[in-house]
Amino acid sequence: MEKILDLISREVMEALEANGYDGKYGKVTLSNRPDLCEYQCNGALAAAKEYKCAPYMISDKVAESLKGNPMFASAESVKPGFLNLKLDPGFLAGYLQEMAEDTERLGCNPCEDPKTVMIDYGGPNVAKPLHVGHLRSAIIGESVKRLGKFMGHNMIGDVHLGDWGLQMGLIIVGLKEQKPELPYFDEGYQGEYPKEAPFTIGELEEIYPAASAKSKEDEAFKEAAMQATYELQHGRKGYQALLSHILNVSVSDLKRNYENLNVSFELWKGESDAQPYIPDMVQKMKEDGFAYMSDGALVVDVKEETDTKEVPPCMILKSDGASLYNTTDLATIVWRMEDYHPDEIIYVVDKRQELYFTQVFRCARKTGLVGPDTKLKFLGFGTMNGKDGKPFKTREGGVMRLEYLVSGINEEMYKKITDNHTVEEAEARETARTVALSAIKYGDLSNQASKDYIFDIDRFTSFEGNTGPYILYTVVRIKSILKKYQAKRALPEGAGILPARSASEKALMLEISKFNSMMESAYEEMAPHKVCAYIYDLANAFNHFYHETKIMAEPDEMQQAGYIKLLELTKRSLEACIDILGFDAPERM
Ligand code: ARG
């Protein structure tokens, strides 16, 4: 469906043209004075300069031409030259009826030119538990991916595991200290390696931090870890067998964690998958004259004349020939281009890595890893802080494990739900889980991604205010009215959305009608917070309407059915949005 703003703008343009003015001045916007009108056009102010007359002379004529136009209840010219518009309730009801008839997309056209978009998010590190730092990437990335899918793009999410580098060597030597008898450490071993991993996820998560701490004090231990990393990267069989155990154990744990967050990935590739592409890539960068030795390291210059801050060269190989985080990211671009030919690659990463990605992107462009038709986009997010304004920590000051954070909020929600009324244990647990997820995700996504925000459990879990639970509460309220209605009667033949009879009903309808334009701009700007803002306004408008309107007691059968249709559409709009945000609503709460 055409966006309502475009429909209105067209009428105003035609009215301008009918009076001999250029239609380009007819752009209509949402009113910034909702007390006066719903939409407005300020074009006459600009047009007056071209036509050398007072602005109101133009807006007067346009208002006159719009009189009797079935789209408007009123079109008023206000000095100095504003055009204030109110929609005709019948027109608005017709628009919503058409939305309602679009069972899949609620009147939001899919994009005309679908793109293949790879989205790199999550970014967990193998053998290290997920911590809150990974939460934002997962939540924001998943939502942007769902937004893109809704708009009709081919979105491919890749978790981009941190599964390469010194951490692997540390685990290997850490394990060797504990269980030196394992065959993986015996270089002469010829047999098959055991299928069963020699550790559980719990053990693995202890080995790594212990080894990491030890390497900071014990130089010989660190040397050994570096040596093990080198040998792993150069094909030592026992170590590669260990690597696949580490990956299996870690990945199944990660999958379970992400599932709890309603987050899933199309690809489970990691940094290690990029390794085979490194030698050729480096070779070519050298041959083409881009990469050169500087202080023993291989680098590519990426600074540009217009830089206001220094952008250091992109380091390709360390002096000992080892690859780096950069090298892996560049080589990852190589296979992404070869296998998927993406039109765009989006990286959802902590904004503190922005300079790093500037280097990587410039290097990839300069050396021809990506052509001019592929966009590289950095979607950097801010820090999740505690109430003290510092990065979120456990009470003891340690790094908070994501699992504990989530289960803590589940518990909080469970208490609230069981305090309110008696519910069966299993249902209360399930509902708590659903509502807790909305609290976490909405709390995050309602902020502009690039900003830091304060993770305030009390506020996020509240059923009132701009929160996930409030949105779910509204959906549940609508569901319960619909159930009550269905229990009493079936919708009569010919039921449909009717023109608003009250201001609160019209306000609700105006909010709903913004769905398609909101979705479009939310994706264009990669801004899930716009989806949150839409549903918050929509939920408020609905609750206001609900308090002022007797729905179940409405005597006119058709009028009542019209309300029910409007409620259904409100519910569907809310549900489509929360699905994009990555959570859903329970039946009751
Ligand atoms: N594993 C990294 C970290 O924990 C994030 C990876 C981000 N993605 C990327 N392509 N570099 O910081």
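As the structure is a prediction and not an experimental result, all values here were calculated from the model.

Novice: Would you mind showing me how to read the overall build of the protein chain here?
Specialist: Counting its secondary structure elements, the protein chain contains 20 helices and 13 strands. In the protein chain, which comprises 589 residues, the proportion classed as buried is 52%. Across the protein chain, the fraction of contacts at a sequence separation of at least 24, relative to all contacts at a separation of at least 6, is 73%. With an accessible surface of roughly 27400 Å², the protein chain has 50% of that area assigned to carbon and sulfur atoms.

Novice: Can you help me understand helix α4 (residues 89-101) in this one?
Specialist: Spacing of three or four residues puts side chains on the same side of an α-helix, whose turn is 3.6 residues. Spanning 13 residues, α4 covers 18 Å between terminal C-alpha atoms, matching the ideal 18 Å at 1.5 Å per step. Every buried residue belonging to α4 is among Leu92, Ala93, Tyr95, Leu96, Met99 and Ala100, and all of these are buried. Within α4, the buried residues cover an arc of 160 degrees as seen down the axis, which keeps them to one side. Near the N-terminus of α4, the side chain that reaches the backbone nitrogen of glycine 90, with its oxygen 3.0 Å away, is that of aspartate 88.

Novice: Before we go on, may I ask you to explain the pattern of salt bridges in this structure?
Specialist: The tally for this structure, following the rule as stated, stands at 42 salt bridges. Connected through salt bridges with shared partners, the residues Glu142, Lys145, Arg146, Lys149, Glu266 and Asp579 form a single ionic network.

Novice: Looking at this structure, how should I read the nonpolar core?
Specialist: One broad trend across soluble globular proteins is that nonpolar side chains are buried collectively. Among the nonpolar cores identified, the biggest contains 159 residues, and Leu85, Leu96, Leu405, Phe515 and Met519 are the most heavily contacted of them. The element that contributes the greatest number of residues to this core is helix α20 (residues 557-581), accounting for 12 residues. If we ignore the near neighbours within four places in the chain, the residues touching leucine 85 are Ile8, Val12, Val28, Cys37, Glu38, Tyr39, Leu66, Phe72, Ser74 and Ala75.

Novice: Help me understand unusual backbone geometry, please; the structure alone is not making it clear to me.
Specialist: What you tend to see is this: most non-glycine residues have negative phi, and most peptide bonds are trans. Residue proline 80 is reached from lysine 79 by a cis peptide bond, and omega for that bond is 10 degrees. Unusually for a residue other than glycine, leucine 106 sits at a positive phi of about 50 degrees. Along the polypeptide, leucine 106 turns up in the loop between α4 and β5 (116-120). Since its relative accessible area comes to 4%, leucine 106 is described here as buried. Phi angles above zero are rare outside glycine, and histidine 341 is one such case at about 40 degrees. Given a relative accessible area of 57%, histidine 341 falls into the exposed group.

Novice: Can you walk me through the sheet that holds strand β9 (residues 314-317) in this structure?
Specialist: Working definition: the strands of a sheet are paired by backbone hydrogen bonds and lie parallel or antiparallel to each other. If you walk across this open sheet you meet the three strands as β7-β8-β9, and the pairing is antiparallel. Each having just a single partner strand, β7 (291-294) and β9 make up the two edges of the open sheet. The sheet shows a mean angle of 45 degrees between the axes of neighbouring strands, direction not considered. Sheet topology note: the strand β8 (residues 297-300)/β9 ladder contains three bridges and is antiparallel. Residue valine 300 lies in a different strand from β9, and its bridge partner there is cysteine 314.

Novice: Explain the state of the cysteines here, please?
Specialist: What makes a disulfide is a covalent bond joining the sulfur atoms belonging to two cysteines. For the structure on display, the rule yields zero disulfides. Note on cysteine 108: no disulfide assigned, nearest cysteine sulfur contributed by cysteine 111 at a separation of 9.6 Å. Of the residues examined, cysteine 108 reaches a relative accessible area of 1% and is grouped as buried. Its sulfur unpaired, cysteine 532 is 8.9 Å from the next cysteine sulfur, which belongs to cysteine 577. Owing to a relative accessible area of 1%, cysteine 532 belongs among the buried residues under this scheme.

Novice: What should I look at first to understand the packing of aromatic side chains in this one?
Specialist: Each aromatic ring pair is summarised here by two numbers: the centre-to-centre distance and the angle between the ring planes. A full pass over the atoms with the stated rule returns 25 aromatic pairs. Here the aromatic rings of tyrosine 184 and tyrosine 193 are separated by 5.2 Å at their centres, their planes lie at 10 degrees, and the arrangement is stacked. Here tyrosine 184 falls in the buried class, since its relative accessible area comes to 1%. Here tyrosine 193 falls in the buried class, since its relative accessible area comes to 18%. Seen in terms of ring centroids, tyrosine 325 and tyrosine 356 are 4.7 Å apart; in terms of plane orientation they differ by 15 degrees. Their pairing is stacked.

Novice: Could you clarify how one ought to interpret the site of the ligand in this entry?
Specialist: Around the ligand, the surrounding shell consists of Asp120, Gly123, Asn125, His134, His160, Tyr325, Asp329, Tyr347, Val349, Gln353 and Phe357. The separation between a nitrogen atom of the ligand and a polar main-chain atom of glycine 123 is 2.9 Å. Look at the ligand: alone it shows 350 Å² of surface, and the protein chains cover 84% of it. Secondary-structure elements contributing two or more residues to the shell around the ligand are α11 (325-340) and β10 (344-350). Here the shell around the ligand is composed, by residue class, of four nonpolar, five polar and two charged.

Novice: Would you mind showing me how to read helix α16 (residues 468-488) here?
Specialist: In this model, α16 (21 residues) spans 31 Å end to end at C-alpha, consistent with the 30 Å of a helix rising 1.5 Å per residue. Where α16 begins, one side-chain oxygen reaches toward the backbone nitrogen of tyrosine 470, 3.0 Å away; that side chain belongs to threonine 467.

Novice: Is there a simple way to explain the sheet that holds strand β6 (residues 154-158) in this structure?
Specialist: Spatially, the four strands line up as an open sheet ordered β6-β5-β10-β11, and their pairing is parallel. This sheet does not close on itself; its edge strands, each paired only once, are β6 and β11 (375-381). Looking at each pair of strands side by side, their axes are set apart by 20 degrees on average, direction ignored. With five bridges connecting them, β5 and β6 associate as parallel partners. Each residue of the ladder has a partner; that of aspartate 120, found in β6, is aspartate 158. Set on the sheet, helix α5 (residues 132-150) makes contact with β5, β6, β10 and β11; between it and β11 the angle comes to about 135 degrees. Sheet strands in contact with α11 are β5, β6 and β10, and its direction is about 150 degrees off that of β5.

Novice: I tried to follow the environment of tyrosine 470 on my own but got confused; where do I start?
Specialist: Relative to the elements of secondary structure, tyrosine 470 occurs in helix α16. Taking the relative accessible area as the measure of exposure, tyrosine 470 reaches 11% and is therefore buried. In the structure, tyrosine 470 is positioned 412 residues away from isoleucine 58 in sequence and 45 Å away in space, judged by C-alpha atoms. Residues contacting tyrosine 470, with those up to four places away along its chain left out, are Ser462, Phe463, Glu464, Gly465, Tyr536, Ala539, Asn540 and Asn543. Among the polar contacts listed, one links the side chain of tyrosine 470 to the side chain of asparagine 543, at a separation of 2.9 Å.

Novice: Mind showing me how you'd approach the environment of asparagine 260 here?
Specialist: Here asparagine 260 is to be found in helix α9 (residues 237-260). On the basis of relative accessible area, asparagine 260 is assigned to the partly exposed category, the value being 36%. In this structure, the C-alpha to C-alpha distance between asparagine 260 and valine 406, residues 146 residues apart in sequence, is 8.9 Å. In this structure, asparagine 260 is in contact with Arg433 and Leu437, ignoring residues within four places of it in sequence.

Conventions and cut-offs
- Residues numbered from 1 in each chain as written.
- Predicted model: local features only at pLDDT ≥ 70, side-chain atom pairs only at ≥ 80, totals over all residues.
- Heavy atoms only, no water.
- Helix = DSSP H or I, 4+ residues; strand = E, 2+ residues; numbered from the N terminus.
- Buried < 20%, exposed > 50% of the residue type's maximum accessible area, 1.4 Å probe, protein only.
- Contact = heavy atoms within 4.5 Å.
- Areas by Shrake-Rupley, 256 points an atom, 1.4 Å probe, with all protein chains shown as cover.
- Expected span 1.5 Å × (residues − 1).
- Arc of directions from axis to C-beta.
- Polar contact = N/O pair within 3.5 Å; in protein donor to acceptor, adjacent residues only side chain to side chain.
- Salt bridge = Lys/Arg side-chain N within 4 Å of Asp/Glu carboxyl O.
- Core = buried A, V, L, I, M, F, W, Y, C linked by side-chain atoms within 4.5 Å.
- Pairing = 2+ DSSP bridges.
- Axes fitted to C-alpha atoms, helices over the stretch in contact; angles between N-to-C directions.
- Disulfide = S-S within 2.5 Å.
- Phe/Tyr/Trp six-rings, centres within 6.5 Å; stacked < 30°, edge-to-face > 60°.
- Near = heavy atom within 4 Å.
- Nonpolar A, V, L, I, M, F, W, Y, C, P; charged D, E, K, R; others polar.

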